[in-house]
Amino acid sequence: METSQPYKTIPRISGAPLIGNLSEFRASRLDLLLRVSRECGDIGSFRIGPVEVVVISSATLANSLLVGHAEDFNGGPIGRIFVPLVGEKSLIFQDGAPHREQRKLLAPSFHPKRLAEFCQSMTRYTQEAASGWQDGQMLDMVHEMTILTMRIIGKTMFDVDFQNEAPELREAMMVTLEHLDHMSSSAPIPLSWPTARNKRARAAIATIDNSIRAMIDERRRDSTDRKDMMSSLLQVRDDAGQPIDESQIRAHIVTFFSAGHETTALALSWTWQLLARHPEVYAKVRQEVDALGGKSPGFEDLPRLSYLQQVIKESLRLHPTIFMIARAAVRDVEIDGYPIRKGQMVLIPPYCIHRNPEYFPEPERFQPERFETEREKSRPKQSYMPFGSGPHTCIGSHFAMMETQLIMATMLQQLDLELPAGEQVKPQVLTVSLRPSAYKMRVKRRSGDAPQTKVA
Ligand code: HEM
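An unreviewed UniProt entry annotates the protein as Cytochrome P450 of Archangium minus.

Now the structure itself:
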């Protein structure tokens, strides 16, 4: 670390002797992060026993760290529990040149033209789900949104309809994701230990490996473009004309599957209950959807759903489904005059940055108009970062926004959703994800026929 100026001191919140802020960390991470942000400002810290954790709450510092100093940090220990599922070759665990190379190779697979091909599956599966919901039925929203986004990710990633096909792969994915949830919420036991739970998780991971290997073999025999991510990845060639190797494809597909459906399901779940609590916003969204004239929404209709997009963005501001981004310094480094030592863990919580009143006055108020184009442009970069920032920024952000818009518009064409009086929705955190507690909404079917879409 070289600097001509003396270092600035990172302020720290008070804590109990020895354990520091451990009790607060256990009771509510969100409140603890907000406390650091409120008491310390742009940068501050708390303590878990002897370990000091730095928290960044300003857009400028987030930019310095995630973009300017990206090479000085890695993801740290928090995300490592995902290694057994997604593998070391996952984008999440790569850094520097190998990471840049993979992102470059993947860019065409996430190009809007390619994403447009996924729209039909998104609307079709939503229509099927919505058609099955009866007038007056109470829907467990988080559950229903998770089933729907899982079906969509299965279809768009590897052309499998989990409702009718590959039950063993679906089950294995569910077992593994549930196991990772368990590992994040309790003292982690290494996967190699022969507990019953571990054996089940290892068997599930082996099933996922075998299924994906079989899919790759099948695609190599028949190279028809099936318009899914797997076909797209198999077509990629690097500058030397070489394809992506099989283990790398497996890592990408499993990463997209696990990173791509729950985050979106949670974003949908947060947004539905916000809409129900703000009838004037709900009415405006419904009007926008009705202006499609009953046509099943497609890629070309997304610009016509701009208010819905503002609603989703505002929902992700209040409830970023990845509520904090974790990094650890790989060397001593100075961030805007603050010293960060090698190994130091730094948290960058969109949850706090999005509540900074300097960027978002009355931050707790739900106000989609904040995302009108001009107002959006007037705010500093990184003041809004539900998809992260820098080299590891979410590769699926357009996929996720498109999917959320299409699912909501398609559902609203068929039905209204009411939140029963007194239904509580509380934030729950697990590792880095922010989930709404389970809650129910009542279906009110709208009259008229459901819009039709071609079935592929
Ligand atoms: C509302 C939905 C989503 C949210 C809020 C979200 C959020 C994020 C965030 C904050 C990061 C950065 C993590 C970091 O820097 O440590 C990230 C990375 C990532 N996301 Fe998403 N994501 C969403 C949907 C998706 C979807 C649909 C996909 C894939 C189809 C996806 C794939 C990924 C991948 C592969 C990474 C790692 C990128 C890298 O390390 O280079 N995400 N996401």
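Still to come is the rest of the account.
*Asks:* What exactly am I supposed to notice about the packing of aromatic side chains here?
*Replies:* The geometry of two aromatic rings is summed up by the distance between their centres and the angle between their planes. Counted under the stated rule, the structure contains eight aromatic pairs. Measuring from centroid to centroid gives 5.0 Å for phenylalanine 110 and phenylalanine 256, while their planes differ by 85°, and the two rings are edge-to-face. Pair noted here: phenylalanine 110 is in the loop between α5 (96–106) and α6 (112–116) and phenylalanine 256 is in helix α12 (residues 246–260), with a separation of 146 residues, a long-range link. An identical accessibility class is assigned to phenylalanine 110 and phenylalanine 256; each is buried. When the centroid spacing of 6.0 Å and the interplanar angle of 90° are considered together, the rings of phenylalanine 162 and phenylalanine 257 count as edge-to-face. One end of the pair, phenylalanine 162, is in the loop between α8 (141–158) and α9 (167–185); the other, phenylalanine 257, is in helix α12, with 95 residues separating them in the sequence.

*Asks:* Is there a simple way to explain the sheet that holds strand β9 (residues 415–418) in this structure?
*Replies:* Picture the strands of a sheet paired through backbone hydrogen bonds; they go either parallel or antiparallel. Pairing is antiparallel across the open sheet formed by three strands, whose spatial order is β4-β12-β9. The open sheet has two free edges, formed respectively by β4 (138–140) and β9, since each of these has just one partner strand. The sheet shows a mean angle of 40° between the axes of neighbouring strands, direction not considered. With three bridges joining them, β4 and strand β12 (residues 440–445) adopt antiparallel strand pairing. Counterpart to methionine 138 in the pairing with β12 is arginine 442. Helix α18 (residues 397–414) contacts β9 and β12 of the sheet and is inclined by roughly 100° relative to β9.

*Asks:* What am I meant to see in the pattern of salt bridges here?
*Replies:* Two side chains of opposite charge can pair, provided their charged atoms sit close to one another. Counted by the stated rule, this structure contains 39 salt bridges. A salt bridge links aspartate 161 to arginine 151; the nearest nitrogen and oxygen atoms lie 2.8 Å apart. Linking aspartate 161 in the loop between α8 and α9 with arginine 151 in helix α8, this pair joins segments that are 10 residues apart in sequence. Accessibility assignment for this pair places aspartate 161 and arginine 151 in one class, buried. Aspartate 301 is paired through a salt bridge with lysine 295; the nearest N and O atoms lie 2.6 Å apart. Several salt bridges converge on common partners, so that one network encompasses Arg114, Glu117, Asp225 and Lys227.

*Asks:* In this structure, what is going on with the environment of histidine 99? I would like to understand it.
*Replies:* As for its position among the elements, histidine 99 is in helix α5. Histidine 99 sits 41 residues away from serine 58 along the chain, and the two C-alpha atoms are 26 Å apart. Setting aside its immediate chain neighbours within four residues, histidine 99 contacts Leu91, Gln94, Pro391 and His392. There is a polar contact of 3.3 Å between the side chain of histidine 99 and the side chain of histidine 392.

*Asks:* Please clarify how the site of the ligand should be interpreted in this entry.
*Replies:* Near the ligand there are 24 residues, and of these His99, Arg103, Arg327, His392 and Cys394 occur at the shortest range. A distance of 2.7 Å separates an oxygen atom of the ligand from a polar atom in the side chain of arginine 327. Partitioned by chemical class, the residues of the shell around the ligand number 13 nonpolar, nine polar and two charged.

The rules we used
- Residues numbered from 1 in each chain as written.
- Predicted model: local features only at pLDDT ≥ 70, side-chain atom pairs only at ≥ 80, totals over all residues.
- Heavy atoms only, no water.
- Phe/Tyr/Trp six-rings, centres within 6.5 Å; stacked < 30°, edge-to-face > 60°.
- Helix = DSSP H or I, 4+ residues; strand = E, 2+ residues; numbered from the N terminus.
- Buried < 20%, exposed > 50% of the residue type's maximum accessible area, 1.4 Å probe, protein only.
- Pairing = 2+ DSSP bridges.
- Axes fitted to C-alpha atoms, helices over the stretch in contact; angles between N-to-C directions.
- Contact = heavy atoms within 4.5 Å.
- Salt bridge = Lys/Arg side-chain N within 4 Å of Asp/Glu carboxyl O.
- Polar contact = N/O pair within 3.5 Å; in protein donor to acceptor, adjacent residues only side chain to side chain.
- Near = heavy atom within 4 Å.
- Nonpolar A, V, L, I, M, F, W, Y, C, P; charged D, E, K, R; others polar.

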